[in-house]
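# Report on the structure
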Amino acid sequence: MSRVLGIEGTAWCASAAVHDTATDETVIESDAYEPDSGGIHPREAAEHMRETIPRVVRAARQRAERMAGDGEPAIDAVAFSRGPGLGPCLRIVATAARALSLALDVPLVGVNHMVAHLEIGRHGSGFRSPVCLNASGANAHLLGYRGGRYRILGETMDTGVGNAIDKFTRHLGWSHPGGPKVEQRAASGEYVPLPYVVKGMDFSFSGIMSAAKQAVDDGVPVEDVCFSLQETMFAMLTEVSERALSLTGAEELVLGGGVGQNARLREMLATMCETRGAKFHAPEPRFLRDNAGMIAVLGARMYEAGDTIPVSASAIDSDFRPNQVDVTWDAGGDVSVTRPQANEIRGAEAVVTMGERVRKERVGKAYRHPTLDERLRSERTRQEARLTSLARREGVPTPVVFDVDDTDCVLRFERVGDRDLREALTESNVRAVGRHLAACHGAGFVHGDPTPRNARVGDDRVFLIDFGLGYHTEHVEDYAMDLHVFEGSLAGTSDDADRLTEAFEAGYESRGDAEVIAQLREVEGRGRYQ
Ligand SMILES: C[C@@H](O)[C@H](NC(=O)OP(=O)(O)OC[C@H]1O[C@@H](n2cnc3c(N)ncnc32)[C@H](O)[C@@H]1O)C(=O)O
Ligand SMILES: [Fe+2]
């Protein structure tokens with residue numbers, strides 16, 4: 001049993017909290033930085049931390065003393081947000097934490113802010129092996145625990161979800177944070193189409209933000225743009241969450257991050273989970289937005305697992321990624337991969353009935369706006385039929401398409417393979433996938449969602465299926481993204497990802513363009529905190 005004081009201050013929220021593991025009580029003292037105009041200015045934010053951290057820490061210490069029994073130490077350890085975040089802010093928080101740990105002579109715990117955003121949901125729900133959606137200011141990603149670390153199953157390729165919304169509201173001259181204001185104005189809006197960009201479990205917000213700004217400049221009512229922004233961005237997040245549940249076989253979803261305070265996002269995720277028969281948990285708002293409570297809760301778990309650091313090794317890391325953290329506490333079981341196949345499979349998007357032939361119906365999604373829903377379903381049905389046939393002509397094994405109905409969104413295919421690649425993850429099979437993707441790219445299109453689930457293995461061939469997210473493109477970046485999606489799903493689902501990734505790339509290189517592999521390295525190395 002322990003009582004841990006946590007300190008948070010990665011960007012806008014100066015906060016200190018105490019978590020008592022005996023009573024499961026968490027008290028939080030916060031002081032928000034509110035810029036006079038524009039977005040967060042790093043120097044002003046750091047100034048805010050300098051001014052307010054001592055006060056919130058003092059208040060939290062007083063609360064800890066009141067919680068402690070007679071003769072008992074009030075605080076057993078000091079935990080702090082080590083990153084990611086704004087360097088000048090992180091340094092002030094770290095300095096305060098080090099000083100307090102030395103003064104009280106208690107251990108120091110360095111917490112990853114993003115892992116804290118999701119662990120607070122796991123703590124509150126009691127879920128064992130959830131998929132976690134972090135929808136915060138500077139980030140947006142899907143995580144699943146496997147083999148000692150949280151793996152990034154999917155993430156934004158550019159801006160974090162909250163920052164994207166805030167950039168849009170800055171264009172309108174609204175003050176920071178923009179998220180709550182967009183939610184308010186959306187209440188009276190109507191749907192207008194905006195770009196919808198999902199690549200496997202990755203996604204991008206840059207196109208939609210420019211389109212939203214342009215729409216306002218063109219005179220589209222602001223309420224309508226706010227409404228559609230939410231409908232589109234949150235449908236993207238819900239779709240990738242569903243795909244992650246489907247790919248990993250997980251049956252629990254937890255939400256984390258400041259954007260999780262948005263009622264429409266929570267509603268969409270809850271509806272999606274209910275339809276799938278999965279469980280959904282969103283922490284209460286005080287634990288969703290930045291707060292030191294989540295730092296104290298995870299800090300206490302780490303402290304009890306002996307995961308403390310000496311002051312000399314407590315440097316901050318402004319790009320600290322969640323998959324860099326060695327999980328020392330009980331993070332539940334690995335998300336599983338393969339499950340027995342039934343004749344009716346509910347994938348992320350469609351109901352697939354396997355008879356002599358395969359019938360695939362893209363069913364309506366109750367969570368998304370009907371107009372958007374119809375558009376996505378019929379576009380993807382048509383696209384899947386076209387690209388499946390085109391890939392065959394390029395020598396890639398794919399099923400024959402017998403029938404396309406883009407009104408009811410039903411396709412009928414030849415049945416191929418006898419299991420999917422998740423159950424046959426061998427080097428030679430992933431090498432074949434590499435070769436097949438190279439052939440598609442050579443013909444000027446991408447698959448769009450190449451995961452082990454979308455490859456079927458037969459006696460002597462590996463078939464690609466499910467081209468619904470594919471599109472024609474000449475951009476090397478798009479080809480690299482295709483590879484990135486496949487490699488990401490290997491990392492998320494296999495314990496042997498490194499060896500398989502190598503084989504996959506060797507297969508690609510045997511047919512494909514070396515420039516694409518070079519671009520893939522670029523994509524992987526890109527700092528995504530904007
Ligand atoms: C690295 C760290 O500093 C960063 N934290 C962060 O950005 O604060 P957080 O509290 O998790 O999220 C703030 C974001 O959450 C958005 N937000 C707050 N209320 C919202 C609402 N009702 N609807 C939509 N967005 C909302 C804000 O506009 C802002 O962009 C992060 O976790 O990425
Ligand atoms: Fe955050």
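As the structure is a computational prediction, the values presented were derived from the model and not from experiment.

## Quick notes on the nonpolar core
- Membership of the largest hydrophobic core comes to 55 residues, with the highest contact counts inside it found for Val161, Phe168, Phe205, Met233, Phe234 and Leu237.
- Tallying contributions element by element places helix 7 (residues 222–248) first for this core, with 14 residues.
- Two domains each provide a minimum of three residues to this core, namely domain 2 (126–282) and domain 3 (344–414).
- Among residues more than four places away in sequence, those in contact with Val161 are Ala135, Ser136, Gly137, Asn139, Ala140, Phe205, Met233, Phe234, Leu237 and Val259.

## Here we look at the confidence of the model for the chain
- Averaged over all residues, the pLDDT of the chain is 94; the fraction at 70 or higher stands at 97%.
- Segment residues 337–341: pLDDT under 50, and 14 contacts once partners within four positions in sequence are set aside and those in other chains are kept.

## Focus: the UniProt feature "binding site: ATP" (unreviewed entry) in the chain
- UniProt annotation of "binding site: ATP" (unreviewed entry) refers to Lys360 when read in the numbering used here.
- Within the secondary structure, Lys360 sits in strand 15 (residues 357–362).
- Those residues in contact with Lys360, other than ones at most four positions away along the chain, are Ala350, Val351, Val352, Glu384, Cys409, Val410, Leu411, Phe413 and Asp466.
- Side chain to side chain, Lys360 and Glu384 meet in a polar contact 3.2 Å long.

## Focus on the packing of helix 6 (residues 206–217) against helix 7
- At a closest axis distance of 9 Å, the pairing of helix 6 and helix 7 adopts a crossing angle of 165°. Classified by the interaxial angle, the pair formed by helix 6 and helix 7 is roughly antiparallel. The hand of the helix 6/helix 7 crossing is right-handed. Listed contacts from helix 7 to Ile208, Met209, Ala212, Ala215 and Val216 of helix 6 are Val222, Val225, Leu229, Thr232 and Met233.
- Across the contact of helix 6 with helix 7, the residue classes tally to 9 nonpolar, 1 polar and no charged.

## As for the side chain of Glu384
- Its place among the elements puts Glu384 in helix 11 (residues 370–393).
- You can call Glu384 buried: its relative accessible area is 1%.
- At 2.8 Å, the side chain of Glu384 forms a polar contact with the side chain of Arg362.

## Notes on the coordination of the iron ion (ligand 2)
- On the protein side, the iron ion (ligand 2) has His113 (NE2), His117 (NE2) and Asp290 (OD) as donor atoms, found 2.1 to 2.2 Å from it.
- For the iron ion (ligand 2), the 6 donor atoms in the first shell make angles of 74 to 166° at the metal, a pattern classed as octahedral.
- All donors of the iron ion (ligand 2) belong to a single chain; written as a sequence motif, their spacing is H-x3-H-x172-D. Taken together, the residues His113 in helix 3 (residues 113–125) and Asp290 in the loop between helix 9 (285–288) and helix 10 (292–304) connect sequence positions 177 residues apart. Each member of the pair His113 and Asp290 is classed as buried.

## Digging into the sheet that holds strand 3 (residues 25–32)
- Overall, mixed pairing links the 5 strands, which are arranged 3-2-1-4-5 in an open sheet. Single-partner strands in this sheet number two, and they are strand 3 and strand 5 (108–112). Across the sheet, the mean angle from the axis of one strand to that of its neighbour is 20°, orientation sign disregarded.
- The pairing of strand 1 (residues 3–8) with strand 4 (residues 77–83) spans 4 bridges and is parallel. Residue pairing for strand 4: Ile7 is matched across the bridge by Phe80.
- Taken strand by strand, helix 2 (residues 87–104) contacts strand 1, strand 4 and strand 5, and its axis lies near 165° from that of strand 4.

How each quantity is defined
Residues numbered from 1 in each chain as written. Chains lettered and ligands numbered in written order. Predicted model: local features only at pLDDT ≥ 70, side-chain atom pairs only at ≥ 80, totals over all residues. Heavy atoms only, no water. Core = buried A, V, L, I, M, F, W, Y, C linked by side-chain atoms within 4.5 Å. Buried < 20%, exposed > 50% of the residue type's maximum accessible area, 1.4 Å probe, protein only. Helix = DSSP H or I, 4+ residues; strand = E, 2+ residues; numbered from the N terminus. Domains from an automatic or database assignment. Contact = heavy atoms within 4.5 Å. pLDDT = per-residue confidence, 0-100. UniProt positions renumbered as here; feature names shortened; annotations may be inferred. Polar contact = N/O pair within 3.5 Å; in protein donor to acceptor, adjacent residues only side chain to side chain. Axes fitted to C-alpha atoms, helices over the stretch in contact; angles between N-to-C directions. Parallel < 35°, antiparallel > 145°, perpendicular 65-115°, else oblique. Left-handed = near helix turned anticlockwise from the far one by under 90°. Nonpolar A, V, L, I, M, F, W, Y, C, P; charged D, E, K, R; others polar. Donors = N, O, S within 2.8 Å, 3.2 Å for Na, K, Ca; no water. Tetrahedral: all angles 85-135°; square planar, octahedral: opposite > 155°, others 65-115°. Pairing = 2+ DSSP bridges.

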